[in-house]
Amino acid sequence: QQPVQSPQAVILREGEDAVINCSSSKALYSVHWYRQKHGEAPVFLMILLKGGEQKGHEKISASFNEKKQQSSLYLTASQLSYSGTYFCGTAIGTSYGKLTFGQGTILTVHP
Amino acid sequence: GAVVSQHPSRVICKSGTSVKIECRSLDFQATTMFWYRQFPKQSLMLMATSNEGSKATYEQGVEKDKFLINHASLTLSTLTVTSAHPEDSSFYICSGPGELPWNEQFFGPGTRLTVL
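Please read all numbers here as calculations on a predicted model, not as lab measurements.

Engineer: Just checking my understanding: could you explain the interface of chain B and chain A for this structure?
Structural biologist: Size of an interface: often given as the accessible area lost when the parts come together. Taken together, the contacts link 24 residues of chain B with 23 residues of chain A. In this assembly, chain B packs against chain A so that about 2000 Å² is buried in total across both faces, 62% of it on carbon and sulfur atoms. Per-residue buried area on chain B facing chain A is highest for W102, N103 and E104 of chain B; these three make up 31% of the total on that side. One can count 2 salt bridges joining chain B with chain A. For E104 of chain B, the salt bridge is made with K55 of chain A, and the minimal N-O distance between the two is 3.1 Å. Remark: the boundary between chain B and chain A carries 6 residue pairs in polar contact (both at pLDDT 80 or more). When contributions to the side of chain B that touches chain A are tallied by element, the ones reaching two or more residues are strand 4 (32-38), strand 9 (90-97) and strand 10 (105-107) of chain B. Taken together, the residues of the side of chain B that touches chain A break down into 12 nonpolar, 8 polar and 4 charged.

Engineer: Is there a simple way to explain the nonpolar core in this structure?
Structural biologist: The nonpolar side chains of a soluble globular protein tend to be buried with one another. Core analysis: the biggest nonpolar cluster contains 24 residues, and V4, W35, F67, L79, Y92 and L113 of chain B have the highest contact counts within it. The element contributing the most residues to this core is strand 3 (residues 19-25) of chain B, with 3 residues. Filtering out sequence-adjacent residues up to four positions away, L113 of chain B remains in contact with V11, C13, V19, V81, D88, S89, S90 and Y92 of chain B. One finds A18, I20, Y82 and V109 of chain A within the second-largest nonpolar core, a separate group that totals 21 residues.

Engineer: What is the right way to read the side chain of S25 of chain B from this model?
Structural biologist: Residues and elements named next belong to chain B. Residue position: S25 is located in strand 3. On the accessibility criterion, S25 (3% relative accessible area) is buried. In this structure S25 touches V3, V4, A30, M33, L74 and T75, once residues within four positions along its chain are discounted.

Engineer: Looking at this model, I keep getting lost on the environment of Y58 of chain B. Mind explaining?
Structural biologist: Residue and element names in this part refer to chain B. Summarising the element assignment, Y58 is placed in strand 6 (residues 57-58). A polar contact is formed between the side chain of Y58 and the backbone oxygen of F67, at a distance of 2.6 Å. Here the side chain of Y58 touches I69 through a polar contact of 3.3 Å, landing on its backbone nitrogen.

Engineer: Mind showing me how you'd approach the state of the cysteines here?
Structural biologist: Covalent bonding between the sulfur atoms of two cysteines is what defines a disulfide. Residue and element names in this part refer to chain A. All chains considered together, the criterion is met by 2 disulfides over all chains. At a sulfur-sulfur separation of 2.1 Å, the disulfide partner of C22 is C88. The S-S bond linking C22 to C88 shows a torsion near 70 degrees; that makes this disulfide right-handed. A residue pair is termed long-range when its members are at least 10 positions apart, and C22 in strand 3 (residues 18-23) and C88 in strand 9 (residues 84-91) qualify at 66 residues.

Definitions and limits used
- Residues numbered from 1 in each chain as written.
- Chains lettered and ligands numbered in written order.
- Predicted model: local features only at pLDDT ≥ 70, side-chain atom pairs only at ≥ 80, totals over all residues.
- Heavy atoms only, no water.
- Contact = heavy atoms within 4.5 Å.
- Buried area = accessible area lost by both parts, 1.4 Å probe.
- Salt bridge = Lys/Arg side-chain N within 4 Å of Asp/Glu carboxyl O.
- Polar contact = N/O pair within 3.5 Å; in protein donor to acceptor, adjacent residues only side chain to side chain.
- Helix = DSSP H or I, 4+ residues; strand = E, 2+ residues; numbered from the N terminus.
- Nonpolar A, V, L, I, M, F, W, Y, C, P; charged D, E, K, R; others polar.
- Core = buried A, V, L, I, M, F, W, Y, C linked by side-chain atoms within 4.5 Å.
- Buried < 20%, exposed > 50% of the residue type's maximum accessible area, 1.4 Å probe, protein only.
- Disulfide = S-S within 2.5 Å.

As structure tokens, then:
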């Protein structure tokens, strides 16, 4: 079942912050966050594992609430380059890489 | 991160023809690769899991006779769209998983298929 992302779209001015949420109805092994620009492949941002480990880019932060099966991606001091569509992908068990993606959140950063 | 290539990046074909898309892992070996399809302004939908040395596993609703997947080696997986129709026009992306426990997905650049 597809995880649910919120909000569907966000508009920011440079320097502002944003939070994107991802919620699943299933018990998750991991949550992956990607950013995709039009016509391009998704770019890796962050992975959060059940149990607390996480790996990702320095300027990106995220959280994973295992009790609620919810993850949030925190974008601080946004830059124009942050614009794009953000997807969370969820994995159940160690189903070796098989991800189910949310519907996406469109982030637009204006000067 | 690891590198995955796809070829071709764009293809335009006539309705009824077959199109083959190649996905290569350039600097790692992949016993498993994943094929996704993405329609405009929509999410990535997993089509199938490609397994080296065995049959692909298809997601519910994906026609295995239409989307033929062959995992020829530890570095190559191919997706063939047979008898393509305009509704098959989409962005097809492959990915290879990284090591446990992360299972980070290394995505190819994608193939834009347009069926006329």
